[in-house]
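Residue strings, one per chain:
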Amino acid sequence: MRESFLVFGQPLIEQDEIDEVVDSMHKAWIGTGPKVHQFERDFAAYKGVAHAAAVNSCTAALHLACLTLDLAPGDEVITTAMTFCASVNAIIHAGGTPVLADADPVTLNISAETIAPHIGPRTRAIMVVHYAGRCCDMDPIMELARKHGLIVIEDCAHAIESEYKGRKAGTIGHIGCFSFYATKNIVTGEGGMIISDDKAAIDRCKIMALHGMSADAWARFSDAGYKHYQVVDHGFKYNMMDIQAAMGIHQLRRVEEYWKRRACIWQKYNEGLAGLGIGLPADAEAHTRHAYHLYTIRVSAACCGVERDAMLEALRAHNIGVGVHYLAVPEHPYYRRRFGWDPADTPVATAYGRETVSLPLSPKLSDGDVDDVIEAIRAICTESAR
């Protein structure tokens, strides 16, 4: 057993980030300023889009993206039952009604097939979620959207490096939203980004992200001279700080290096966990690039002799930190009360959510850390078989 606890999703913070944060503090520009704008430009260039808006979380990004839809009461947005609550909450906060589609049993993503039955006269948009770093099958989804005149928002919280048929995640739909939370593939502590080639949409997101003001703090207080602002909408306080962007600028420069390391860990898990009866993630499709954000196994007494919650507790006893991504959205009591959703209505997501465990996957992991995770799982499964 490990002597020290292995933290799930611990980020790799290097000296460049530390120095850049200290530089911001020495310059005393710690709010939204030049480093936020640089991070926006760098991320837009990485994604090959014209416009980007940095915000304080992916949840904020999703909310702002939904606000660009100008939803009226009763307007519907279809999303997946296999996602974090932020995807659904963003639709609710924007005044829309979320509608849940079930997940594909192999990819765990929504698909055109699971979306189509839910399209109705009040449907305005589809919010796809590229679960665990695997792109949804976007061509059929985009064709479905065109057929019905729907906007597609891409929730790319797991999918910074993901690609689909040579196109980068977040650039295939109308607007893409990203997360830089502490467990994500690149981190700013908290943080998010919205990208699009639609300048009007990004301009509105930027205004709404800072109180509905016509000019942000950098524009008002920079050495170019004071600029008056006007409040043009009832906005929010969603802006990113330079201290956060200081981390993101350097994290983004190592995005490929980190991706390669996670790919190596992914392969070690595939090899080390084979033959235990555990459900392992499906291989990435040939025409895609997987971001390798979450390595999720599927466990149950039927497949490997261990129930999921027992596996969680056993791994914790081995000093291994793990996660659950996710209980299906209808499992949560708030949504059942408000929308009458039943877990039985999304059987694939529900069954998966009751059996999934996410293993540590970070470029900070050493080979020894990965070996410890594998050995712990093998020991737990062996013990259960006795």
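This text follows the structure it describes.
Remember, predicted model here, so these are calculated numbers, not experimental data.

Draft legend 1. Representation of the packing of helix H3 (residues 58–67) against helix H4 (residues 85–93) in the model. It is the contact of H3 with H4, at a shortest axis distance of 8 Å, that shows an interaxial angle of 40°. As judged from the angle between their axes, H3 and H4 are oblique. When you trace H3 past H4, the crossing you get is right-handed. In this structure, H3 contributes Thr 59, Leu 62, His 63 and Cys 66 to the contact, and H4 contributes Ala 86, Ser 87, Ala 90, Ile 91 and His 93. For the contact of H3 with H4, the class distribution of residues is five nonpolar, four polar and no charged.

Draft legend 2. Highlighting the pattern of salt bridges. One pass over the full model with this rule turns up 26 salt bridges. Its salt-bridge partner being Glu 20, residue Lys 35 comes within 3.1 Å of it at the nearest N-O pair. Note that Lys 35 is positioned in helix H2 (residues 34–47) and Glu 20 in helix H1 (residues 15–27), a separation of 15 residues in sequence. Each of the two residues, Lys 35 as well as Glu 20, counts as buried. Here the salt bridges do not stand alone but share partners, grouping Glu 14, Asp 16, Glu 17 and Arg 254 into one network.

Draft legend 3. Layout of a nonpolar patch on the surface. On the surface, Ile 13, Ile 18 and Val 22 cluster together to form a nonpolar patch covering roughly 210 Å² of accessible area. Mapped onto the fold, Ile 18 is located in helix H1.

Draft legend 4. Layout of unusual backbone geometry. Each neighbour pair has its own omega, and for His 325 with Tyr 326 the value is 0°, a cis peptide bond. Counting through the fold element by element, Tyr 326 comes out in the loop between helix H12 (308–317) and helix H13 (333–339). Positive phi is not limited to glycine here, since Ala 28 has a value of about 60°. The topology assignment puts Ala 28 in the loop between H1 and H2. Look at Ala 132: it is not a glycine, yet its phi comes out positive at around 65°. Classification of Ala 132 by relative accessible area gives buried; the value is 5%.

Draft legend 5. Spotlight on the packing of H2 against helix H9 (residues 242–253). Look at H2 against H9: their axes get within 8 Å of each other, and the N-to-C directions meet at 30°. Here H2 is positioned roughly parallel relative to H9, judged by the angle of their axes. Every pair of crossing elements has a handedness; the one defined by H2 and H9 is left-handed. Judged by residue contacts, Pro 34, Lys 35, Val 36, Gln 38, Phe 39, Asp 42, Phe 43 and Tyr 46 of H2 engage Asp 242, Ala 245, Ala 246, Gly 248, Ile 249, Leu 252 and Arg 253 from H9.

Draft legend 6. Summary view of the sheet that holds strand S8 (residues 175–179). In space, the seven strands of this open sheet follow the order S1-S9-S8-S5-S4-S2-S3, with mixed pairing throughout. If you trace the sheet from one side to the other, it starts and ends with strand S1 (51–55) and strand S3 (97–101), each paired once. Strand-to-strand twist in this sheet, taken as the mean axis angle between neighbours without regard to direction, amounts to 20°. Both S8 and strand S9 (residues 192–196) contribute to a ladder of four bridges, which runs antiparallel. Across the sheet, Phe 178 pairs through a bridge with Met 193, a residue of S9. Packed on one face of the sheet, H3 meets S1, strand S4 (123–129), strand S5 (151–155), S8 and S9 and runs near 165° to S8. Packed on one face of the sheet, H4 meets strand S2 (76–80), S3, S4 and S5 and runs near 150° to S3.

About the cut-offs
- Residues numbered from 1 in each chain as written.
- Predicted model: local features only at pLDDT ≥ 70, side-chain atom pairs only at ≥ 80, totals over all residues.
- Heavy atoms only, no water.
- Axes fitted to C-alpha atoms, helices over the stretch in contact; angles between N-to-C directions.
- Helix = DSSP H or I, 4+ residues; strand = E, 2+ residues; numbered from the N terminus.
- Parallel < 35°, antiparallel > 145°, perpendicular 65-115°, else oblique.
- Left-handed = near helix turned anticlockwise from the far one by under 90°.
- Contact = heavy atoms within 4.5 Å.
- Nonpolar A, V, L, I, M, F, W, Y, C, P; charged D, E, K, R; others polar.
- Salt bridge = Lys/Arg side-chain N within 4 Å of Asp/Glu carboxyl O.
- Buried < 20%, exposed > 50% of the residue type's maximum accessible area, 1.4 Å probe, protein only.
- Patch = residues over 30% accessible without salt bridge, like charges linked within 9 Å, V, L, I, M, F, W, Y side chains within 5 Å.
- Areas by Shrake-Rupley, 256 points an atom, 1.4 Å probe, with all protein chains shown as cover.
- Pairing = 2+ DSSP bridges.

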